[in-house]
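As a plain string of letters, each chain reads:
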Amino acid sequence: MIETLRCACEAAGCDRDLAEQQLMLTMETDAGTRHAYECDCGAVTITITKG
């Protein structure tokens, strides 16, 4: 089991942590929840969780 997960920007050379301040959009579907984060570097990271 994964103990901790880290939400971080995956843009080349960035790797900043992403948190509530960067959360721009949440969408829930039958397939799971998607969160879109916009990093200070301008990149967008999408996370998907199944519940």
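Everything quoted here is computed from the prediction, not taken from an experiment.

Participant: Which parts of the structure should I look at to understand unusual backbone geometry?
Facilitator: A negative phi angle characterises most non-glycine residues, just as the trans form characterises most peptide bonds. We note that Asp15 has phi near 65 degrees; this positive angle belongs to a residue other than glycine. As for its position among the elements, Asp15 is in the segment before β1 (23-29).

Participant: I tried to follow the pattern of salt bridges on my own but got confused; where do I start?
Facilitator: Note that side chains of opposite charge can pair when their charged atoms are close. Throughout the structure, instances matching the rule amount to 2 salt bridges. Taking the shortest distance from any N to any O, the salt bridge between Asp15 and Arg6 comes out at 3.3 Å. Looking at Asp15, the relative accessible area reads 46%, which means it is partly exposed. Taken together, the shared-partner salt bridges connect Arg6, Asp15 and Asp17 into one network.

About the thresholds
Every residue gets a number counted from 1 within its own chain, in the order that chain's sequence is written. Only residues with pLDDT of at least 70 are given local features in this predicted model, and only at 80 or more are side-chain atom pairs given and counted; all residues enter the totals for whole chains, interfaces and linings. For side-chain calculations, the full set of non-hydrogen atoms in the structure is used, while hydrogens and water are omitted. In DSSP terms, a helix is any run of H or I states spanning at least four residues, a strand is any run of E spanning at least two, and both are numbered starting from the N terminus. When a carboxyl oxygen of Asp or Glu lies within 4 Å of a side-chain nitrogen of Lys or Arg, that pair is called a salt bridge. Exposure classes here rest on a 1.4 Å probe applied to the protein chains alone. A residue is buried below 20% of its type maximum, exposed above 50%, and partly exposed in between.

Keep in mind that these numbers describe shape and distance, not what the molecule does.
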